[in-house]
Amino acid sequence: MEVPRLDHALNSPTSPCEEVIKNLSLEAIQLCDRDGNKSQDSGIAEMEELPVPHNIKISNITCDSFKISWEMDSKSKDRITHYFIDLNKKENKNSNKFKHKDVPTKLVAKAVPLPMTVRGHWFLSPRTEYTVAVQTASKQVDGDYVVSEWSEIIEFCTADYSKVHLTQLLEKAEVISGRMLKFSVFYRNQHKEYFDYIREHHANAMQPSVKDNSGSHGSPISGKLEGIFFSCSTEFNTGKPPQDSPYGRYRFEIAAEKLFNPNTNLYFGDFYCMYTAYHYVILVIAPVGSPGDEFCKQRLPQLNSKDNKFLTCTEEDGMLVYHHAQDVILEVIYTDPVDLSLGTVAEITGHQLMSLSTANAKKDPSCKTCNISVGR
């Protein structure tokens, strides 16, 4: 059985969470601490013997839900009316000690058959470590509770966005993608030392590397997918790549058909912004049957290469023609090595605009354009 949304529960006198303490804004719901000490204003009666949950199991974990079950001694089991679940983000030793701490969440649910589903994007975030403990409770006629001791503390980590969640992001990105502009090359900016290193140590071939943690926190490609970042955006007035870049003054350019063609698959990876008016869309190009293709096929929505709102490859008069979306900034990840001999490396004439770099950039969690109703 599923624990209902708390905001609905507070307005529903018959919901399984009818006893939730009302002050949910910035303070924790104070029932009793994990040592079993009663809060002064919680209305919990003196401790009587109730079975203590043990052998807790967490299963069916998603980015914003999980199932929880446990074992209990049969003694006084029939007196249990409610479960108290203490859920907290696991403390990060490297976190800023001056930053406001995450508020612990204490959930109250009527005793239902186990396993029980706990769901809620307002207190669960994707790819985040949590601790959870449980106690049993018996509501008395005067409204007070008799509670057991807290169970042992269990740790678990929520999952990445599923294809369903990514499809929701995809649909939001389509709304603002704008009209399509023609382009002919993919390009990658780096420092001169990068290209020198590739020539000397990697036999002239740029190698895929693990994607950083920029973008949506729940993106399944962050920290996992290996690839090489390319851009394809063009200037509206010239139809050519811009002369400025945040990533380095040397640019590798390669004909679009060398990376994106009928022998590759195209996937949607992410949609985000960095507290700015413009938005980024991450796409993945993977050669058919490659390890990158298999990775993406299991985790990302696949796009029709000939017909989508972001990046297309079509045939006109026997030639491949390419278009990209005008109103979003595309970041294209190619999942295989790319030899420098397939293109050219030259110095750009513009500036290195470091402020536009997306390296490990964090997504704006308050943006209504690029967020969905699950963890950010």
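Rules behind the numbers
- Residues numbered from 1 in each chain as written.
- Predicted model: local features only at pLDDT ≥ 70, side-chain atom pairs only at ≥ 80, totals over all residues.
- Heavy atoms only, no water.
- Buried < 20%, exposed > 50% of the residue type's maximum accessible area, 1.4 Å probe, protein only.
- Helix = DSSP H or I, 4+ residues; strand = E, 2+ residues; numbered from the N terminus.
- Arc of directions from axis to C-beta.
- Contact = heavy atoms within 4.5 Å.
- Polar contact = N/O pair within 3.5 Å; in protein donor to acceptor, adjacent residues only side chain to side chain.
- Pairing = 2+ DSSP bridges.
- Axes fitted to C-alpha atoms, helices over the stretch in contact; angles between N-to-C directions.
- Core = buried A, V, L, I, M, F, W, Y, C linked by side-chain atoms within 4.5 Å.
- 1 Å grid on protein atoms, 1.4 Å probe; cavity = no way out; pocket = protein on both sides within 12 Å on 5 of 7 lines; lining within 4 Å.
- Points joined across faces, edges and corners; volume = space filled by probe spheres on them.
- Nonpolar A, V, L, I, M, F, W, Y, C, P; charged D, E, K, R; others polar.
- Salt bridge = Lys/Arg side-chain N within 4 Å of Asp/Glu carboxyl O.

Colleague: Report on helix α5 (residues 291–299), specifying residues and quantitative values.
Modeller: Gly-292, Asp-293, Phe-295 and Cys-296 are the residues of α5 that are buried. Projection of α5 onto a plane perpendicular to its axis shows the buried side chains occupying an angular sector of 160°, all on one side. Exposed residues lying more than 90 degrees from the buried face of α5 are Pro-291 and Gln-298. Residues of α5 that are buried in the fold lie against β16 (264–272) and β17 (280–287).

Colleague: Give me the lowdown on the side chain of Thr-128, citing residues and values where you can.
Modeller: Relative to the helices and strands, Thr-128 is located in the loop between β6 (116–119) and β7 (129–139). By relative accessible area, which is 12% here, Thr-128 ends up buried. Side-chain polar atoms of Thr-128 contact the backbone oxygen of Ser-125, separated by 3.5 Å. A distance of 3.5 Å separates the side chain of Thr-128 from the side chain of His-217, its partner in a polar contact.

Colleague: So what's going on with the pairing of strand β11 (residues 185–190)? Residues and values would help.
Modeller: Residues in a regular strand project their side chains so that they alternate between the two faces of the sheet. Within β11, six of the six residues are buried, leaving the element largely enclosed by the surrounding structure. Because side chains alternate across β11, one face comprises the buried residues Val-185, Tyr-187 and Asn-189, and the other comprises Phe-186, Arg-188 and Gln-190, equally buried. Here six bridges tie β11 to strand β15 (residues 250–255), and the two strands are oriented antiparallel to one another. Bridging from a neighbouring strand, Asn-189 pairs with Arg-251 of β15.

Colleague: Give a detailed account of the sheet that holds strand β14 (residues 226–230), specifying residues and quantitative values.
Modeller: Pairing between sheet strands relies on hydrogen bonds along the backbone, with the strands arranged either parallel or antiparallel. Spatial ordering of the open sheet is given by β13-β14-β21-β17-β16-β18, a layout of six strands whose pairing is mixed. Only two strands of the sheet have a single partner each, and these edge strands are β13 (209–210) and β18 (302–303). Across two bridges, the pairing between β16 and β18 is antiparallel. Each bridged residue has a counterpart across the sheet, and for Leu-266 the counterpart in β18 is Leu-303. Sitting on the sheet, helix α2 (residues 163–176) is in contact with β16, β17 and β18, with an inclination near 80° to β16.

Colleague: Can you tell me about the pairing of strand β2 (residues 54–59), naming the residues and giving the values?
Modeller: Here β2 pairs with strand β3 (residues 65–71) via four bridges, running antiparallel. Counterpart to His-54 in the pairing with β3 is Glu-71. Between β2 and β3, which follow one another and run antiparallel, lie five residues, and Asn-60 among them has a positive phi close to 50°.

Colleague: I'd like a rundown of the nonpolar core, residues and numbers included.
Modeller: Core analysis: the biggest nonpolar cluster contains 55 residues, and Phe-186, Phe-230, Phe-268 and Leu-311 have the highest contact counts within it. Looking at which element gives the most residues to this core, the answer is β17, with seven residues. Setting aside residues up to four positions removed in sequence, Phe-186 forms contacts with Phe-230, Ser-231, Cys-232, Phe-252, Glu-253, Ile-254, Ala-256, Leu-259, Phe-260, Ile-285, Leu-311 and Val-332.

Colleague: Can you tell me about the environment of Leu-340, naming the residues and giving the values?
Modeller: Here Leu-340 is to be found in the loop between β22 (338–339) and β23 (344–347). Considered as a pair, Leu-340 and Phe-195 are 145 residues apart in the sequence and their alpha carbons are 8.6 Å apart. Look past the residues within four positions of Leu-340 in its chain and what remains in contact with it is Phe-195, Ile-198, Arg-199, Asn-204, Met-206, Phe-252 and Val-345.

Colleague: Report on the layout of surface pockets, specifying residues and quantitative values.
Modeller: Taken as a whole, the second largest pocket holds about 960 Å³ of empty space. Lining the second largest pocket we find 43 residues, and of these Ser-231, Pro-246, Tyr-247, Ile-329 and Glu-331 sit closest to its centre. Listed by contribution, the elements that provide at least two residues to the lining of the second largest pocket are β11, α3 (192–201), β13, β14 and β21 (329–334). Element by element, the count of residues in the lining of the second largest pocket is highest for β14, at five residues. Taken together, the residues of the lining of the second largest pocket break down into 22 nonpolar, 13 polar and eight charged.

Colleague: Mind laying out the sheet that holds strand β20 (residues 319–325), listing which residues take part and the relevant values?
Modeller: With respect to topology, three strands assemble into an open sheet ordered β10-β20-β19, the strand pairing being antiparallel. A single partner strand is all that each edge strand has here, and the edge strands are β10 (180–183) and β19 (311–316). Mean inter-strand twist for the sheet, computed between neighbouring axes without regard to direction, equals 35°. Where β10 meets β20, four bridges bridge the pair, whose relative direction is antiparallel. Along β20, the bridge assignment pairs Met-180 with Ala-325.

Colleague: So, the side chain of Asn-88: which residues are in play, and what are the values?
Modeller: Its location among the elements puts Asn-88 in strand β4 (residues 82–89). Of note is the side chain of Asn-88, whose polar atom sits 3.1 Å from the side chain of Asp-86.

Colleague: Account for the pattern of salt bridges, with residues named and values stated.
Modeller: Across all of its chains, the model carries eleven salt bridges by this definition. The partner of Glu-155 in a salt bridge is Lys-90, and the shortest N-O contact between them spans 3.0 Å. In this pair, Glu-155 sits in strand β9 (residues 154–157) while Lys-90 sits in the loop between β4 and β5 (105–110), placing the two residues 65 residues apart along the sequence. We classify Glu-155 as exposed; its relative accessible area is 51%. Residues Asp-160 and Arg-127 are paired through a salt bridge, measuring 2.7 Å at the closest nitrogen-oxygen approach. Remark: Arg-127 occurs in the loop between β6 and β7 and Asp-160 occurs in the loop between β9 and α2; sequence separation between them is 33 residues. The structure contains a network of salt bridges with shared partners spanning Lys-90, Glu-129 and Glu-155.

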